[in-house]
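Residue strings, one per chain:
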Amino acid sequence: MSHPIVVAFTGGSGPGYGRRLVEVLLELQQPVHLTISPAATKVIEHELDISIDLKSFTPELFWPDKQALFSNLHYYHYQDFMTPMASGSFLTRGMVICPCSGATLSAAANGNSRNLIERAAEVHLKESRKLILVQRETPLSLPTIENMRKAKLAGAVILPAMPAWYHGDQSVTGLIDFVVARILDQLNIEHHLIKRWGEGIENGD
Ligand SMILES: Cc1cc2nc3c(=O)[nH]c(=O)nc-3n(C[C@H](O)[C@H](O)[C@H](O)COP(=O)(O)O)c2cc1C
């Protein structure tokens, strides 16, 4: 069994990216430790029409047909600092914050760890493990650009939710899968979510 991947949903637009990421990780038999910020619940309600109770999370609301995969999914409350991901001694394959709000980016860049998500981000940086920040904002303020630079210098991967349009599937699910595919690439997880450049798409195949 491989070490788990920590995933956090924060209050950026685009929780559909995070939902698809966890679904694909579970389908690829990857254990996931999930946590969700209160602001994320507001965006999730607005964009995905799903109401979440952070104290008793029910994964069926997100992935109604995936119950068979839930044994690999472990949910933790965002204020619970007693969880494994809060400690560097707990080994992981990395952490993905998807979507990553500007507020959580700032916390990660500046080492402010006031909740479990921010603490887990700090742990991944201090342990020199992969920390992938899937930011979604446009246009970008100077403080956000500076926080992205700081986080990058500290070792994080800045992976904006910025789908490309060249891979042949411009449906919403295709554009989501493009971003999820790039996250999986960063985690060194093999997948066949999208065709790669050099596999025929450059010729229109
Ligand atoms: C519908 C909605 C969409 C939002 N979209 C974004 C966004 O795309 N990027 C962002 O940085 N913040 C966005 N926000 C604001 C964040 O949710 C807010 O800054 C929050 O404090 C982030 O907290 P968190 O990092 O603890 O989740 C949005 C808020 C709402 C209600």
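Attention here is on the structure that accompanies the text. Predicted model only: the values in this text are computed from it and were never measured. (Residues numbered from 1 in each chain as written. Predicted model: local features only at pLDDT ≥ 70, side-chain atom pairs only at ≥ 80, totals over all residues. Heavy atoms only, no water.)

## Some points on the pairing of strand β1 (residues 5-9)
Where a strand is regular, its side chains alternate between the two sheet faces. In terms of residue burial, β1 counts as a mostly covered element, since five of its five residues are buried. Residues of β1 alternate between two faces, with I5, V7 and F9 on one and V6 and A8 on the opposite face, all of them buried. Relative to strand β2 (residues 32-36), β1 runs parallel, the two being bridged by five bridges. Counted as the bridge partner of I5 is V32 from β2. Taken together, β1, helix α1 (residues 15-27) and β2 constitute a β-α-β crossover, and its handedness is right-handed. Alignment of β1 against strand β4 (residues 94-100), held across four bridges, turns out to be parallel. Among the inter-strand pairings, A8 is bridged to a residue of β4, identified as I97. (Buried < 20%, exposed > 50% of the residue type's maximum accessible area, 1.4 Å probe, protein only. Helix = DSSP H or I, 4+ residues; strand = E, 2+ residues; numbered from the N terminus. Pairing = 2+ DSSP bridges. Right-handed = clockwise from strand over helix to strand, strands pointing away.)

## Section: a nonpolar patch on the surface
Where nonpolar side chains cluster on the molecular surface, the patch consists of L140, L142 and I145 and spans about 260 Å² of accessible area. As for its position among the elements, L140 is in the loop between β5 (131-135) and α5 (142-154). (Patch = residues over 30% accessible without salt bridge, like charges linked within 9 Å, V, L, I, M, F, W, Y side chains within 5 Å. Areas by Shrake-Rupley, 256 points an atom, 1.4 Å probe, with all protein chains shown as cover. Salt bridge = Lys/Arg side-chain N within 4 Å of Asp/Glu carboxyl O.)

## A few points about α1
With 13 residues, α1 extends 18 Å from end C-alpha to end C-alpha; this agrees with the ideal 18 Å at 1.5 Å per step. When α1 is considered as a whole, its buried residues turn out to be P15, G16, Y17, G18, L21, V22, E23, V24, L25 and L26. The secondary structure elements touched by the buried residues of α1 are β1, β2, α2 (38-48), β3 (73-76), β4 and α6 (172-186). (Expected span 1.5 Å × (residues − 1). Contact = heavy atoms within 4.5 Å.)

## What about the packing of α1 against α6?
It is at 9 Å that the axes of α1 and α6 come closest, and there the two elements cross at 60 degrees. Relative to α6, α1 is oriented oblique. Considering only the axes of α1 and α6, their crossing is right-handed. Along its contact with α1, which presents G16, Y17, R20, L21, V24 and L25, the element α6 presents L175, I176, D177, V179, V180, I183 and L184. In terms of residue class, the contact of α1 with α6 is built from ten nonpolar, one polar and two charged. (Axes fitted to C-alpha atoms, helices over the stretch in contact; angles between N-to-C directions. Parallel < 35°, antiparallel > 145°, perpendicular 65-115°, else oblique. Left-handed = near helix turned anticlockwise from the far one by under 90°. Nonpolar A, V, L, I, M, F, W, Y, C, P; charged D, E, K, R; others polar.)

## A short note on the pattern of salt bridges
Counted under the stated rule, the structure contains nine salt bridges. Across the salt bridge formed by D177 and R20, the nearest N and O atoms sit 2.7 Å from each other. A residue pair is termed long-range when its members are at least 10 positions apart, and D177 in helix α6 and R20 in helix α1 qualify at 157 residues. When its relative accessible area of 21% is taken as the criterion, R20 is described as partly exposed. Note that D185 is salt-bridged to R196, the shortest N-O span being 2.8 Å. Taken as a pair, D185 in helix α6 and R196 in the segment after α6 lie far apart in primary sequence, eleven residues in all. By relative accessible area, R196 is classed as partly exposed at 31%. The network of salt bridges with common partners includes R20, E23 and D177.

## Some thoughts on the pairing of β4
Burial within β4 is extensive, with seven of its seven residues counted as buried. Both β4 and β5 contribute to a ladder of four bridges, which runs parallel. Opposite V96, over in β5, you have I132 as the bridge partner.

## Re the site of the ligand
Close to the ligand lie 13 residues; G11, S37, S101, G102 and T104 are nearest. In the model, an oxygen atom of the ligand is placed 2.9 Å from a nitrogen or oxygen of the S13 main chain. At a separation of 3.4 Å, an oxygen atom of the ligand approaches a polar side-chain atom of E137. Per-element tally for the shell around the ligand: the top contributor is helix α3 (residues 102-110), with three residues. By residue class, the composition of the shell around the ligand is three nonpolar, eight polar and two charged. (Near = heavy atom within 4 Å. Polar contact = N/O pair within 3.5 Å; in protein donor to acceptor, adjacent residues only side chain to side chain.)

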